Amino acid sequence: KPIATATNNGPLCEGLTLELTGGPNGMTSYQWSGPSGFTSNLQSPSIPNITLANAGTYQLIVQTGDGCSDTITTDVTIHPKPVTSLIYHN
């Protein structure tokens, strides 16, 4: 039976690229699912220009050629962009 691994490059701020890293290498399939309907069959997918809606738990299912599988999750934290304001004084 494979032993799945899943990590991410967070915590991140809005607007950056989320990198999900799955393992082990050499599996027949990788099935990611996550917030906002995210799905991917890539071993290590990226999500560019993330928003707060991308925060949460991502699940990875890996499967070998003989049908053995394992499931793991990784939690993604996304921070809002700071809001700046300009105050003009005469």
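Below is a summary of the structure that appears in this document. (Residues numbered from 1 in each chain as written. Predicted model: local features only at pLDDT ≥ 70, side-chain atom pairs only at ≥ 80, totals over all residues. Heavy atoms only, no water.)

**Side note on the pairing of strand E7 (residues 56–63)**
So, point 1. Alignment of strand E4 (residues 29–34) against E7, held across 5 bridges, turns out to be antiparallel. Across the sheet, the residue bridging to Trp32 is Leu60, located in E7.
So, point 2. Across 8 bridges, the pairing between E7 and strand E8 (residues 69–76) is antiparallel. Along E8, the bridge assignment pairs Thr57 with Asp75.
So, point 3. In sequence, E7 turns back onto E8 through a hairpin of 5 residues, with Gly67 there showing a positive phi of about 90°. (Pairing = 2+ DSSP bridges. Helix = DSSP H or I, 4+ residues; strand = E, 2+ residues; numbered from the N terminus.)

**Describing the pattern of salt bridges**
So, point 1. What the rule picks out here adds up to 1 salt bridge.
So, point 2. Two residues, Asp70 and Lys1, come together in a salt bridge whose shortest N-O distance is 3.9 Å. With a gap of 69 residues between them, Asp70 in strand E8 and Lys1 in the segment before strand E1 (5–8) connect regions that are remote in the sequence.
So, point 3. Judged by relative accessible area, which is 17%, Asp70 ranks as buried. (Salt bridge = Lys/Arg side-chain N within 4 Å of Asp/Glu carboxyl O. Buried < 20%, exposed > 50% of the residue type's maximum accessible area, 1.4 Å probe, protein only.)

**Notes on the environment of Asn54**
So, point 1. Along the chain, Asn54 falls in the loop between strand E6 (46–47) and E7.
So, point 2. On the basis of relative accessibility, which here comes to 12%, the residue Asn54 falls in the buried class.
So, point 3. Contact partners of Asn54, with chain neighbours within four places excluded, come to Pro35, Ile47, Val76 and Ile78.
So, point 4. A polar side-chain atom of Asn54 sits 2.8 Å from the main-chain amide nitrogen of Thr51. (Contact = heavy atoms within 4.5 Å. Polar contact = N/O pair within 3.5 Å; in protein donor to acceptor, adjacent residues only side chain to side chain.)

**Side note on the packing of aromatic side chains**
So, point 1. As enumerated under the stated definition, the model contains 1 aromatic pair in all.
So, point 2. With centroids separated by 5.6 Å and ring planes inclined at 65°, the aromatic side chains of Phe38 and Tyr58 adopt a geometry described as edge-to-face. Highlighted residues: Phe38 in strand E5 (residues 38–40) and Tyr58 in strand E7, separated in sequence by 20 residues. (Phe/Tyr/Trp six-rings, centres within 6.5 Å; stacked < 30°, edge-to-face > 60°.)

**A word on the sheet that holds E7**
So, point 1. Reading across the sheet, the 4 strands line up as E5-E4-E7-E8 and stay open at both edges, with antiparallel pairing between neighbours. Of all the strands in the sheet, just E5 and E8 have a single pairing partner and so form its edges. Strand-to-strand twist across the sheet, computed as the mean angle between neighbouring axes with direction ignored, equals 15°.
So, point 2. Here E4 runs beside E5; their pairing, made up of 3 bridges, is antiparallel. Across the sheet, residue Trp32 finds its bridge partner in E5, namely Ser40. (Axes fitted to C-alpha atoms, helices over the stretch in contact; angles between N-to-C directions.)

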